[in-house]
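Given next are the chains, with one letter for each unit.
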Amino acid sequence: MTANLSSPLVVAIDGPAGAGKSTVAARVAARFGLLNLESGAMYRAFALKAIQTDSDLDDREELGRLAERTRIRLLPAPLGNRVFLDDVEVTKRIREPDVTAAASRVSVHPAIRQWMVSMQRQLGASSGIVMEGRDIGTKVFPDAQVKIFLDAAAEVRGQRRYQQNGPGALPAESVLEQLRERDRRDRTRAESPLQPASDAVIIDSTDLSLEQVVARVEAIVSERLGAGD
Ligand code: C5P
């Protein structure tokens, strides 16, 4: 990875669901004064629109037309992003299981991905950012100065997600099953499958605490900032 700090700092954090990307991204963004942008929230917002309009999640043409009448906005907040779909706040709604499953289905379509990538590049054009997702280091910002691929064993990721969901939500086995299904779709799709960029630092958080992961990422960012002096 070569430090190129003549342009705003971009920290790309990619990895599968439940690896801890959002929390790590929020902490690192706060520490270095960067905007924190969750690209997955944009796919989720579009998936919600598809659900609301009863669209066929596998019909790329129908979804392409739907995208033309959809407006998605992310508003960075101290903990994660506030998300607006056609000017209505959907921050909480997009975390529900039906939207989660639909997001990984609408995200396989190349035209939807191109639209998302261009919005994401615009968001990152003018200031330093931490953006997390699946294809940030490989596709959205291939020249990002810092690329992290955050991974963990599926069982551990499932357990973390289950605990985040809180009591009364889906049982642990269902959470793990849905997470594996999403992983499979994200890793095997033809367009921008989930995979580490060749120059990403891979961190396996299976046996690491959140504090340890944050410390590693912060050390990598500090080192890159130092290299750009
Ligand atoms: O990160 P999050 O779990 O919110 O992402 C929801 C879904 O959106 C993912 O399972 C994936 O299918 C899709 N996604 C994507 N590319 C991104 C971010 C998310 O395909 N950069």
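Look above for the structure.
Notes on the structure follow. (Residues numbered from 1 in each chain as written. Predicted model: local features only at pLDDT ≥ 70, side-chain atom pairs only at ≥ 80, totals over all residues. Heavy atoms only, no water.)

### Quick look at the overall build of the protein chain
This is how it is decided: Strands here mean DSSP runs of E at least two residues long; helices mean DSSP runs of H or I at least four residues long; both are numbered from the N terminus. Using a 1.4 Å probe on the protein chains alone, a residue whose accessible area is under 20% of its type maximum counts as buried, one over 50% counts as exposed, and one in between counts as partly exposed. For this analysis, residues touch if any pair of their heavy atoms sits within 4.5 Å. Using a 1.4 Å probe, accessible areas were evaluated by the Shrake-Rupley method; residue-level cover was limited to the displayed protein chains. The sign given to each residue is positive for Lys and Arg and negative for Asp and Glu; His and the chain ends receive no count. To locate a charge, the coordinates of NZ of Lys, CZ of Arg, CG of Asp or CD of Glu are taken.
Looking only at helices and strands, the protein chain has 9 helices and 8 strands in total. Along the three orthogonal principal directions, the C-alpha set of the protein chain runs to about 50 × 35 × 30 Å. Expressed as a percentage of its 229 residues, the buried residues of the protein chain come to 48%. Long-range contacts, defined here as pairs at least 24 residues apart, represent 73% of the contacts in the protein chain between residues at least 6 apart. Total accessible area on the protein chain is roughly 10,900 Å²; 50% of this is exposed by carbon and sulfur atoms. Across the protein chain, the mean location of the 31 positive side-chain charges is 2 Å away from that of the 32 negative side-chain charges.

### Considerations on the site of the ligand
Short version of the rule: Distances are taken per atom, and a residue is near a molecule or strand as soon as one of its heavy atoms is within 4 Å of it. For this analysis, a polar contact is any N or O atom pair within 3.5 Å, provided that within protein one partner can donate a hydrogen and the other can accept it, and provided that sequence-adjacent residues contribute only side-chain to side-chain pairs. Charged residues are taken to be Asp, Glu, Lys and Arg, nonpolar residues to be Ala, Val, Leu, Ile, Met, Phe, Trp, Tyr, Cys and Pro, and polar residues to be all remaining types, Gly included.
What surrounds the ligand is a group of 16 residues, the closest being Arg44, Arg113, Asp135, Arg182 and Asp186. Side-chain polar atom of Asp135 to a nitrogen atom of the ligand: 2.8 Å apart, as the coordinates give it. At a separation of 2.8 Å, an oxygen atom of the ligand approaches a polar side-chain atom of Arg182. Expressed as a share of its isolated accessible area of 460 Å², the protein-covered part of the ligand is 96%. At the level of secondary structure, the elements contributing two or more residues to the shell around the ligand comprise helix 2 (39-52), helix 4 (97-106) and helix 8 (172-188). Classifying every residue of the shell around the ligand gives 3 nonpolar, 5 polar and 8 charged.

### Quick notes on the packing of helix 2 against helix 4
Quick note on the threshold: Axis lines are fitted through C-alpha atoms, for helices just across the contact stretch, and the angle between N-to-C directions can take any value from 0 to 180 degrees. Between 65 and 115 degrees an angle is taken as roughly perpendicular, under 35 as roughly parallel, over 145 as roughly antiparallel, and anywhere else as oblique.
As a packed pair, helix 2 and helix 4 sit with axes 8 Å apart at the nearest point and diverge in direction by 100°. Considered as vectors, helix 2 and helix 4 are oriented roughly perpendicular to each other. On the side of helix 2, the interface is formed by Tyr43, Arg44, Phe46, Ala47, Leu48, Ala50 and Ile51, while helix 4 contributes Asp98, Val99, Thr100, Ala102, Ala103 and Val106. Across the contact of helix 2 with helix 4, the residue classes break down as 10 nonpolar, 1 polar and 2 charged.

### Overview of the packing of helix 7 (residues 154-165) against helix 8
What counts, and what does not: Left-handed describes a crossing whose near helix is turned anticlockwise from the far helix through less than a right angle; right-handed describes the clockwise counterpart.
Running from N to C, helix 7 and helix 8 cross one another at 120°; their axes reach a closest spacing of 9 Å. For the element pair helix 7 / helix 8, the angle class is oblique. The way helix 7 lies across helix 8 gives a crossing that is right-handed. Of the residues in helix 8, those touching helix 7 at Ala154, Glu155, Arg157, Gly158, Arg161, Tyr162 and Asn165 are Ala172, Val175, Leu176, Leu179, Arg180, Arg182, Asp183 and Arg187.

### Examining the pattern of salt bridges
This is how the line gets drawn: In the sections that follow, a salt bridge refers to a side-chain nitrogen of Lys or Arg positioned within 4 Å of a carboxyl oxygen of Asp or Glu.
The tally for this structure, following the rule as stated, stands at 20 salt bridges. Across the pair Lys147 and Asp199 runs a salt bridge whose closest N-O atoms are separated by 3.1 Å. With a gap of 52 residues between them, Lys147 in strand 7 (residues 146-151) and Asp199 in the loop between helix 8 and strand 8 (201-204) connect regions that are remote in the sequence. Under the relative-accessibility criterion, Lys147 is labelled buried at 4%. Taking relative accessible area as the criterion, Asp199 reaches 29% and is therefore assigned partly exposed. Connected through salt bridges with shared partners, the residues Arg71, Arg73 and Asp87 form a single ionic network.

### Points about the nonpolar core
Put simply, the rule reads: Residues belong to a common nonpolar core when they are buried Ala, Val, Leu, Ile, Met, Phe, Trp, Tyr or Cys residues joined through side-chain atoms within 4.5 Å.
Counting residues in hydrophobic clusters, the biggest one holds 36 residues, and the most contacted among them are Phe46, Ile72, Trp115, Met116 and Phe141. Tallying contributions element by element places helix 2 first for this core, with 8 residues. Contact partners of Met116, with chain neighbours within four places excluded, come to Met42, Tyr43, Phe46 and Ile72. Counting 20 residues, the second largest nonpolar core, distinct from the first, contains Val28, Ala29, Val213 and Ile220.

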